[in-house]
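Analysis of the macromolecular model
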Amino acid sequence: MRILLTGATGLIGRALCQRWAAAGHELVVLSRQPQQVASLCSGARGVAQLSELEAAYVPDAVVNLAGAPIADRPWSAARRRLLWDSRIGTTQALVSWLGQLPAPAPLLLSASAVGWYGDCGEQALDESATTPGQDFGSELCAAWEQAALKARQHGSRVVLLRIAPVLTSRGGMLARLLPVFRLGLGGRLGGGQQWMPWIHRDDLLALFDHLLQASDSDGVYNACAPGLVRNSAFTRLLAAQLHRPACLPAPAPVLRLLLGEMSVLLLGGQKLMPQRALASGFVFRYGELKTALAQLLPSSVD
Ligand SMILES: NC(=O)c1ccc[n+]([C@@H]2O[C@H](COP(=O)([O-])OP(=O)(O)OC[C@H]3O[C@@H](n4cnc5c(N)ncnc54)[C@H](OP(=O)(O)O)[C@@H]3O)[C@@H](O)[C@H]2O)c1
């Protein structure tokens, strides 16, 4: 297949490119650093502008991952603008380009996040939920999805992946937690009762592939493992895998003071199921957190 990707020099995109290049797909990556693309994205061709592509180029699928990191720093006004423009602005430009193609691109796979749901407490959720949360992260995801859905007007099927924090041994959430937990300084966040969706990187890549191949994939898919845990269980399992104590909780008021509205990412949660992925026949290899952590952190003595 001819696949065009945005944001593919990042954590998820680099791994996707490696997988898809090995499978023989032809990859083009839209990037702010096109000269880095060939080395970061398994030989993919990098372009800085969509206008650089040949007039006859029509991808079989477009994968939209671009966006400034959401959890790197508190959501000041300037940061919110960057988070917004890097997602909604990029997606709008992409969809407008799709509208100018000589033939419709059959499929747009566009990233979103479980933050779409906001903090939902004990409410059981799947993709049938109709109302996004009310914090900035939810508004961002909702607008991002709406911008992507406009590609339907140009004849593309649109798949939206609401991605949970991705577990990988290199980067992402675990890379932030590991140094603290390895020192024995880890602990639950606030009361630890919040549900905490997660997904193993390999399952996320396989899910992207599954939705790419399935000719009837359409609409929203929660990209989270079925083995959902609360933050307290996540903390206990991670500490056990590292053979370290984790009895230093981060108090909720301190997190709120330090992070402002962004603290919803740590203190809020979603009791979320990947209902549509399961119904479509997708099988999670790492459905349970204990298995996922054992695979990712194998050096620990069992
Ligand atoms: N990783 C997770 O746990 C997770 C969970 C939920 C949702 N997601 C979403 O999935 C997408 C991919 O995740 P990821 O972890 O691979 O992200 P990442 O490692 O942060 O990479 C995102 C890519 O977006 C592009 N980008 C960064 N800042 C930008 C800006 N200011 N303007 C335009 N483009 C910018 C960059 O590509 P270039 O430099 O090549 O332009 C970067 O490589 C992101 O949008 C993220 O929000 C990720």
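As shown above, the structure is provided for reference.
Overview of the structure. (Residues numbered from 1 in each chain as written. Predicted model: local features only at pLDDT ≥ 70, side-chain atom pairs only at ≥ 80, totals over all residues. Heavy atoms only, no water.)

For the rest of this paragraph, the subject is the overall build of the protein. What the protein contains, in helices and strands, is eleven helices and 13 strands. Radius of gyration (C-alpha) of the protein: 19 Å, near the 19 Å computed for a compact globule of 302 residues. Principal axes of the C-alpha set define a box for the protein whose edges measure 60 × 40 × 40 Å. Burial status across the protein gives 50% buried among its 302 residues. Residue pairs in contact within the protein that sit at least 24 positions apart in sequence constitute 79% of those at least 6 positions apart. Counting every atom, the protein has about 13500 Å² of accessible surface; 55% of that belongs to carbon and sulfur. (Helix = DSSP H or I, 4+ residues; strand = E, 2+ residues; numbered from the N terminus. Rg over C-alpha atoms; globule rule 2.2 N^0.38 Å. Buried < 20%, exposed > 50% of the residue type's maximum accessible area, 1.4 Å probe, protein only. Contact = heavy atoms within 4.5 Å. Areas by Shrake-Rupley, 256 points an atom, 1.4 Å probe, with all protein chains shown as cover.)

So, on to the sheet that holds strand S2 (residues 26–30). Across the sheet, which stays open at both edges, the seven strands sit in the order S3-S2-S1-S4-S5-S7-S11 with parallel pairing between neighbours. Either end of the sheet is taken by a strand with one partner, and the two such strands are strand S3 (45–47) and strand S11 (219–223). Averaged over neighbouring strand pairs, the angle between their axes works out to 20 degrees when direction is ignored. Both S2 and S3 contribute to a ladder of three bridges, which runs parallel. The residue of S3 that forms the bridge with Val28 is Arg45. Where helix H1 (residues 11–22) meets the sheet, it contacts strand S1 (2–6), S2, strand S4 (61–64) and strand S7 (157–163), and its direction lies at approximately 160 degrees from that of S2. Seen against the sheet, helix H3 (residues 77–98) touches S1, S4 and strand S5 (107–113) and runs at an angle of roughly 170 degrees to S4. (Pairing = 2+ DSSP bridges. Axes fitted to C-alpha atoms, helices over the stretch in contact; angles between N-to-C directions.)

Turning our attention to the side chain of Ser138. With respect to the helices and strands, Ser138 occurs in helix H4 (residues 136–149). What Ser138 contacts, discounting residues up to four positions off in sequence, is Gly115, Trp116, Tyr117, Gly118 and Gly133.

Every buried residue of helix H8 (residues 252–259) is listed here: Ala252, Leu255 and Leu259. Relative to the axis of H8, the buried residues are bounded by an arc of 60 degrees and lie together on one face. Those residues of H8 that are exposed and aimed more than 90 degrees away from the buried face are Pro253, Leu257 and Leu258. Looking at the buried positions of H8, the neighbouring elements they touch are helix H9 (264–267). A positive backbone phi angle near 60 degrees is found at Gly260, which sits one or two residues after H8. (Arc of directions from axis to C-beta.)

Let us now look at helix H5 (residues 172–182). Those residues of H5 that fall on the buried side of the exposure criterion are Leu174, Leu178 and Phe181. End-on, the buried residues of H5 take up no more than an arc of 80 degrees, which puts them together on one face. For H5, the secondary structure elements touched by its buried residues are strand S8 (166–167), helix H7 (231–242) and helix H11 (289–296). With its phi angle positive at about 75 degrees, Gly184 sits one or two positions after the end of H5.

Everything listed here is a matter of geometry and, on its own, says nothing about what the molecule does.
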